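For reference, the chains in residue letters:
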Amino acid sequence: MSVETIASQPFQDQKPGTSGLRKKVRVFEQPHYLENFVQSIFDTQKGYQDAPLVVGGDGRYYNRQAIQTILRIAAANGCGRVLLGRGGIFSTPAVSHMIRKHGACGGIILSASHNPGGPDEDFGIKFNTPNGGPAAEKVTEAIYTATRHINRYHMLDTPDIDLDQIGIALVGDMRVEIVDSVCDYADLMEQLFDFDRIRALFQSGFRMRFDAMHAVTGPYAREIIENRLGAPQGTVVNGIPLEDFGHGHPDPNLVYAKELADHLFGPDAPDFGAASDGDGDRNMVLGRHFFVTPSDSLALILANADLAPGYRSRVTGVARSMPTSQAADRVAAKLGLNCYETPTGWKFFGNLLDAGKITLCGEESFGTGSDHVREKDGLWAVLFWLNILAERRRSVAEIVREHWQNYGRNYYTRHDYEAVDSSAANGLIDALRAACATLPGRRLGSYTVEYADDFRYLDPIDDSVSEKQGIRIGFEDGSRIVYRLSGTGTEGATLRIYIEAYEADPAKHDLDTQQALAELIGIADGLAGIRERTGRNEPTVIT
Ligand code: G1P
Ligand code: ZN
């Protein structure tokens, strides 16, 4: 089989962000664009001659073409063996698991997460390292540097292989093992959670709806929830992955998973509702007429971790991203566990997980996970909840209310201002940063500022420092306001304001969130000068 070496030119825009390289499909379709990036992975990484490479994506438009290209380039570069999900499908947490389980040299994930898919929408490629997690910054920097100097790539001239046939295919001398995308992952879940108890829960008449949003978790949820756990057929809805996600926006929140939310707040609501995103790493959890915030979900999983066989008596600690509410901190303090506050982004959990300092971690942006893989994991969180519900046999609302009684409630909201003029947004953050020194001790309405800073993270494992991770303003009663600019937005700047108030008194646990936080929201807007600086009167999205 002849290896073609094809002359190429670098592209200047192949810098991977925190979640890999994400661009419009049209950008990826330019001649040599994908090829350059993939060749740059092989030019900078080692081990692919000896250990397998895992490849798969969330099934969005361009997934299949990209995989054929990646296989030809991998083979031409001397890669010996690829583990490929059938149909080119793997959820992001499943890739992470496959890398770890099979001692792979890494994995290539094709996804743009929760962004829409289709010929005019988004595509993405990301490289994960042998620990199963997203490549650290020095690795993505090396790949990026290679893309800027590349002048050739190697590729076999071979026909497409059949991606849908389980078994072995050859691309040149390279073995492509096309495996069931779900099986190994489902087996892992079965080791972590008490499937017998959850099966008994469903047998007792417990009703659930899982909305796969036409994205990658459909086959996983069907196999695990319907086949292995015995939930009735039809429990999983929108369960067939579509290239355009059925024209949807596969992001599990109250805005984009509105169909599910309406059902759970409607007259015939089941006991439990859940959804996941495009590539399966995010989750949303709902009870009948009840929404669980991701921050509360993390705290509650931590508090109930002993109910799940895979976590009994082995949780060492928890980490949350800085803007995530402090609800988990209260649980950790009571249980005497480690507790870390990290910058936004899953990659900051990796070192803590690898070192065994933490077992569980999460972000307010619908991401929850543990040391079982090195990505956040949507279905895992849903199964954790099912395990808790199967043991406690109380409603979601009752379990969350009882949690608040024990630990107090952290009222929490996020206000996003999207597509703000970038210089206005930067000016706003700069002004807040400058004001930090003058704020401590100041009285704002009924709140007194205890501290104000621009969050700086010192990684306790490798001593690396991450500066300017967001403005934190902490008040004496434990309430907080956090401001940061999104690192994933595509248009102008996205300003995120996170507002949190602690309420110990159970008599005050049933307020409307926006009302409970109204005074702090006013303070947050006033301090930043939102109207004056951005011209906006209200947020684009309130979560
Ligand atoms: C957002 C979320 C963040 C998450 C990231 C990738 O980033 O806020 O928690 O890790 O997406 O899923 P942001 O746009 O805020 O930078
Ligand atoms: Zn995702």
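Residues numbered from 1 in each chain as written. Chains lettered and ligands numbered in written order. Predicted model: local features only at pLDDT ≥ 70, side-chain atom pairs only at ≥ 80, totals over all residues. Heavy atoms only, no water.

(A) A look at the coordination of the zinc ion (ligand 2). The coordination sphere of the zinc ion (ligand 2) contains the protein donors Ser113 (OG), Asp277 (OD), Asp279 (OD) and Asp281 (OD), at a distance range of 2.0 to 2.1 Å. Mapped onto the sequence, the donors of the zinc ion (ligand 2) take the spacing S-x163-D-x1-D-x1-D. Highlighted residues: Ser113 in the loop between β5 (106-110) and β6 (122-128) and Asp277 in the loop between β12 (272-276) and β13 (283-287), separated in sequence by 164 residues. An identical accessibility class is assigned to Ser113 and Asp277; each is buried. (Donors = N, O, S within 2.8 Å, 3.2 Å for Na, K, Ca; no water. Helix = DSSP H or I, 4+ residues; strand = E, 2+ residues; numbered from the N terminus. Buried < 20%, exposed > 50% of the residue type's maximum accessible area, 1.4 Å probe, protein only.)

(B) Molecular detail of the nonpolar core. Membership of the largest hydrophobic core comes to 71 residues, with the highest contact counts inside it found for Phe193 and Trp380. Looking at which element gives the most residues to this core, the answer is helix α13 (residues 378-392), with 11 residues. Ignoring anything within four residues of it in the chain, the contact list for Phe193 reads Ile198, Ala308, Pro309, Tyr311, Trp380, Leu383, Phe384 and Asn387. Residues Tyr48, Ile73, Leu84 and Ile108 belong to the second largest nonpolar core, which totals 45 residues. (Core = buried A, V, L, I, M, F, W, Y, C linked by side-chain atoms within 4.5 Å. Contact = heavy atoms within 4.5 Å.)

(C) Spotlight on the side chain of Gln68. With respect to the helices, strands and loops of the structure, Gln68 is situated in helix α3 (residues 63-76). Polar contacts involving the side chain of Gln68 include one to the main-chain carbonyl oxygen of Ile161, which spans 2.8 Å. Excluding residues that lie within four positions of it along the chain, Gln68 makes contacts with Asp160, Ile161 and Leu163. (Polar contact = N/O pair within 3.5 Å; in protein donor to acceptor, adjacent residues only side chain to side chain.)

(D) Fine view of unusual backbone geometry. Phi angles above zero are rare outside glycine, and Phe245 is one such case at about 55 degrees. One can find Phe245 in the loop between β11 (236-237) and α9 (258-264). The buried category is assigned to Phe245, whose relative accessible area is 1%.

(E) The arrangement of helix α15 (residues 422-435) in detail. Under the 1.5 Å per step criterion, the end-to-end length of α15 is 20 Å for 14 residues, consistent within 8% with the ideal 20 Å. Among the structural elements, β19 (409-420), β24 (471-475), β25 (480-485), β26 (493-503), α17 (518-528) and α18 (530-534) are those in contact with the buried residues of α15. (Expected span 1.5 Å × (residues − 1).)

(F) A look at empty space enclosed by the protein. The full count for this structure, using the stated rule, is one cavity of 30 Å³ or more. For the largest cavity, the calculated volume is near 50 Å³. Lining the largest cavity, in full, are Ile41, Phe42, Gln45, Lys46, Tyr48, Leu53, Cys105, Ile108 and Phe127. A per-class count over the lining of the largest cavity returns seven nonpolar, one polar and one charged. (1 Å grid on protein atoms, 1.4 Å probe; cavity = no way out; pocket = protein on both sides within 12 Å on 5 of 7 lines; lining within 4 Å. Points joined across faces, edges and corners; volume = space filled by probe spheres on them. Nonpolar A, V, L, I, M, F, W, Y, C, P; charged D, E, K, R; others polar.)

(G) Spotlight on the packing of helix α2 (residues 33-44) against α3. At their nearest, the axes of α2 and α3 sit 10 Å apart, and the two run at 40 degrees to each other. The angle between α2 and α3 falls in the class oblique. Considering only the axes of α2 and α3, their crossing is right-handed. Between α2, through Leu34, Glu35, Val38, Gln39 and Phe42, and α3, the contact on the second element is made entirely by Ala66, Thr69, Ile70, Ile73 and Ala74. Classifying every residue of the contact of α2 with α3 gives seven nonpolar, two polar and one charged. (Axes fitted to C-alpha atoms, helices over the stretch in contact; angles between N-to-C directions. Parallel < 35°, antiparallel > 145°, perpendicular 65-115°, else oblique. Left-handed = near helix turned anticlockwise from the far one by under 90°.)

(H) Spotlight on the packing of aromatic side chains. Per the counting criterion, the structure on display carries 20 aromatic pairs. Ring centres 5.2 Å apart and planes at 65 degrees place the aromatic pair Phe193 and Phe384 in the edge-to-face group. In this pair, Phe193 is assigned in the loop between α6 (183-192) and α7 (195-203) and Phe384 in helix α13, connecting sequence segments 191 residues apart. Accessibility assignment for this pair places Phe193 and Phe384 in one class, buried. The side chain of Arg330 reaches across the aromatic face of Tyr502, ending 3.3 Å from its centre. Between Lys334 and the ring centre of Tyr407, over which it is positioned, the NZ or CZ distance is 4.7 Å. (Phe/Tyr/Trp six-rings, centres within 6.5 Å; stacked < 30°, edge-to-face > 60°. Lys NZ or Arg CZ within 6 Å of the ring centre and 35° of its normal.)

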